[in-house]
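In case you want the letters, here they are:
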Amino acid sequence: MFEPRFTTLNMNEILKYLGFRGQELTEEIAAQIRRCSDEVLAAATPRLTYRLAPLDNGAVLGVMFAGNDIPRMLEPCEEVVLFGATLGPGVERLMMRCEVVNAADSVIMDACASTAIENICNNFESDMRRAVEAEGRYLTDRFSPGYGDLPIAEQPKFFALLDMTRRIGVSLTPTTIMVPRKSVTAIMGIARTPQPHRPPDCEHCLMFRTCPFRKAGRRCREGAKTGK
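Residues numbered from 1 in each chain as written. Predicted model: local features only at pLDDT ≥ 70, side-chain atom pairs only at ≥ 80, totals over all residues. Heavy atoms only, no water.

## Quick notes on the confidence of the model for the protein chain
Low-pLDDT stretches of the model should not have their predicted coordinates read in fine detail.
Next, step 1: Averaged over the protein chain, the pLDDT score is 90; the fraction of residues at 70 or greater is 87%.
Next, step 2: pLDDT under 50 marks residues 222-228. Its contacts with residues more than four places away, or in other chains, come to five contacts. (pLDDT = per-residue confidence, 0-100. Contact = heavy atoms within 4.5 Å.)

## Focus on unusual backbone geometry
Next, step 1: In this chain, Val179 is followed by Pro180 through a cis amide linkage whose omega measures 0°.
Next, step 2: You can see Pro180 is positioned in the loop between β6 (178-179) and β7 (183-191).
Next, step 3: Look at Asn57: it is not a glycine, yet its phi comes out positive at around 55°.
Next, step 4: Topologically, Asn57 is positioned in the loop between β1 (47-56) and β2 (59-60).
Next, step 5: For Thr176, which is not a glycine, the phi torsion comes out positive at approximately 60°.
Next, step 6: Tracing the backbone shows Thr176 in the loop between β5 (171-172) and β6.
Next, step 7: The class of Thr176 is buried, set by a relative accessible area of 15%. (Helix = DSSP H or I, 4+ residues; strand = E, 2+ residues; numbered from the N terminus. Buried < 20%, exposed > 50% of the residue type's maximum accessible area, 1.4 Å probe, protein only.)

## Describing the sheet that holds strand β3 (residues 77-86)
Next, step 1: Strand order across the open sheet formed by five strands is β2-β1-β3-β7-β4, with antiparallel pairing between neighbours. In the strand order of this sheet, the two ends are held by β2 and β4 (138-139), each with one partner.
Next, step 2: Of the strand pairs in this sheet, β4 and β7 are connected by two bridges, and their pairing is antiparallel. Bridging from a neighbouring strand, Tyr138 pairs with Ala191 of β7.
Next, step 3: Helix-sheet contacts for helix α5 (residues 103-134) involve β1, β3, β4 and β7, and the interaxial angle to β3 is about 150°. (Pairing = 2+ DSSP bridges. Axes fitted to C-alpha atoms, helices over the stretch in contact; angles between N-to-C directions.)

## Some words on the pairing of β1
Next, step 1: Relative to β3, β1 runs antiparallel, the two sharing eight bridges. Within the sheet, the bridge partner assigned to Leu48 lies in β3 and is Ala85.
Next, step 2: Bridge count between β1 and β2: two bridges; the pairing is antiparallel. Considered in β2, the bridge of Leu55 is made with Val60.

If you want it as C-alpha cells, here you go:
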C-alpha cells in the first residue's frame, strides 16, 4: 500500500510554472518562493488512491479511452495502474485567500502547488516502478486527461474507475474541472518488456537558469533537431 509523500520541491520546476526564461532570480524573489512553498506544504493534506486492473483488448474493466496515444502506449501491456492524487482542500482555501489579498503571492503559490502535486505523482510513480521492476516487469510513463490526444472530457471515466470522490474527496464539475484544483488523475501500463520513456524535462537540467534556448522560448532538443 503506497502513501502520498513529498520530497524537496524542485525550485526549477516552480520557476518553469512561473514562466521563467532566464531572467535574474534575485534573493528577494527566491525567498518569496521559499516562503510560499512552505505555506503550501503546511496547508496540504495530500491523499492518494490507486488501482491495478487487467487490460483486455485495450479496455480497462470494460472502459475504452478516446484517442490513439493511450492505446499505443498500452499496446505491449498486460495490466494498468490508475491513480488519483490531491493536495486537499487546505491548499485550495489558501490559494483563494491569496487571490484576494496578495496577487504576487497568489501567482507563486499556484506554481508551488502545481509543483507539489507533481511531486506526489512523481514519487508514487517511482514507488510503483520499483515494486513492478522487483517482479521483473516494467512501467510505462504516466498519461493524464489533457495530454496528447486524450481529451479532458475523458476525466469522468477516471473518476468512475477510481471512485475519486468517495476515496479522496475530489469532485468533478460539469465542465470536468477537479475540485480541489490541485488534483491529478493518470494511467500507467505494466508490461513484460522494457518500455520507452520521455526524456527528462528542462527543470531537471543543470543549465535551466542560464539556458540560451529557454531564453529564446525553445528547448535544446528542438535546437539540435533543427540544427540551430
